[in-house]
Amino acid sequence: MSSFFAAADALSSAAVSFAFGTIATAITKEVTGAFVGVDANDAVFFTPQAALTAGIQNGGGRVSATDVVAITLGNLTAGTLTPNTLTMDVTIIKQGAEL
């Protein structure tokens with residue numbers, strides 16, 4: 001788990017690198033990162049800065065615990081894939097925030 005940025009404001013955003021390693025065939029893989037100040041009801045949005053490896057699908061993001069964000073990718077192929085390390089634009093919106 002790595003610390004990326006503090007989500008103390010109503011809206012926090014940062015470019016973050018995630019290393020997923022190997023993803024087995026027809027399965028999803030989730031990686032987590034520490035985001036100080038993120039709570040269970042906050043919203044997580046992320047966008048890869050480059051194209052995903054062929055056969056890899058963006059699976060979503062969530063707050064998995066206080067101060068922890070999880071990002072998921074899926075392997076849609078019939079073989080094991082190892083996507084490149086991905087830099088993603090990650091945005092956290094605090095619950096009840098007025099933007």
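No experiment lies behind these values; they were computed from the predicted model shown. (Residues numbered from 1 in each chain as written. Predicted model: local features only at pLDDT ≥ 70, side-chain atom pairs only at ≥ 80, totals over all residues. Heavy atoms only, no water.)

Bringing the packing of aromatic side chains into the picture now. In total, this model carries one aromatic pair according to the counting rule given. Both rings, one in Phe18 and one in Phe20, keep their centres 6.4 Å apart while their planes meet at 40°; by these two values the pair is tilted. For the pair Phe18 and Phe20, one class covers both residues: buried. (Phe/Tyr/Trp six-rings, centres within 6.5 Å; stacked < 30°, edge-to-face > 60°. Buried < 20%, exposed > 50% of the residue type's maximum accessible area, 1.4 Å probe, protein only.)

Okay, the pairing of strand β1 (residues 11–18) next. Of the two faces of β1, the one lined by Ser12, Ala14, Val16 and Phe18 is fully buried and the one lined by Leu11, Ser13, Ala15 and Ser17 carries no buried residue. Strand direction decides the pairing type here: β1 and strand β6 (residues 86–93), joined by eight bridges, are antiparallel. Pairing of Ser17 across the sheet is with Thr87, part of β6. (Helix = DSSP H or I, 4+ residues; strand = E, 2+ residues; numbered from the N terminus. Pairing = 2+ DSSP bridges.)

Judged by pairing direction, the sheet is antiparallel, and its three strands sit side by side in the order β1-β6-β3 without closing on themselves. Looking at which strands have only one partner, the edges of the open sheet turn out to be β1 and β3 (43–48). Averaged over neighbouring strand pairs, the angle between their axes works out to 25° when direction is ignored. Examined bridge by bridge, β3 and β6 share six bridges and lie antiparallel to one another. Looking at β6, one finds that Phe46 is bridged to Val90. (Axes fitted to C-alpha atoms, helices over the stretch in contact; angles between N-to-C directions.)

Moving on to the sheet that holds strand β4 (residues 56–65). Taken in spatial order, the three strands make up an open sheet running β2-β5-β4, and their pairing is antiparallel. Each of the sheet's edge strands pairs with one partner strand only, and the pair in question is β2 (27–34) and β4. The average angle at which neighbouring strand axes cross in this sheet is 20°, direction not considered. Examined bridge by bridge, β2 and strand β5 (residues 68–75) share eight bridges and lie antiparallel to one another. Bridge pairing in β5 links Thr28 to Gly74.

Our focus in this paragraph is the pairing of β4. A regular strand places its side chains so that they alternate between the two faces of the sheet. Note: β4 against β5, eight bridges, orientation antiparallel. Looking across to β5, one finds that Gly60 is bridged to Thr72. Linking β4 to β5, which pair antiparallel, is a turn of two residues; within it Asp67 sits at a positive phi near 70°.

Comment: phi is negative for the bulk of residues other than glycine, and the bulk of peptide bonds are trans. Positive phi is not limited to glycine here, since Ala26 has a value of about 50°. Mapping Ala26 onto the fold places it in the loop between β1 and β2.

All chains considered together, the criterion is met by three salt bridges. Measuring nitrogen to oxygen at the nearest pair gives 3.0 Å for the salt bridge that ties Arg62 to Glu30. You can see Arg62 sitting in strand β4 and its partner Glu30 sitting in strand β2, a full 32 residues away along the chain. Of the residues examined, Arg62 reaches a relative accessible area of 40% and is grouped as partly exposed. Residue classification places Glu30 among the partly exposed residues on the basis of a relative accessible area of 36%. Ionic pairing is found between Asp39 and Lys94, a salt bridge with its closest N-O pair at 3.0 Å. Remark: Lys94 occurs in the segment after β6 and Asp39 occurs in the loop between β2 and β3; sequence separation between them is 55 residues. You can call Asp39 partly exposed: its relative accessible area is 36%. Each of the salt bridges in this network shares a partner with another, and the network as a whole consists of Asp39, Asp42 and Lys94. (Salt bridge = Lys/Arg side-chain N within 4 Å of Asp/Glu carboxyl O.)

Don't take any of this as a statement about function, it's just geometry.
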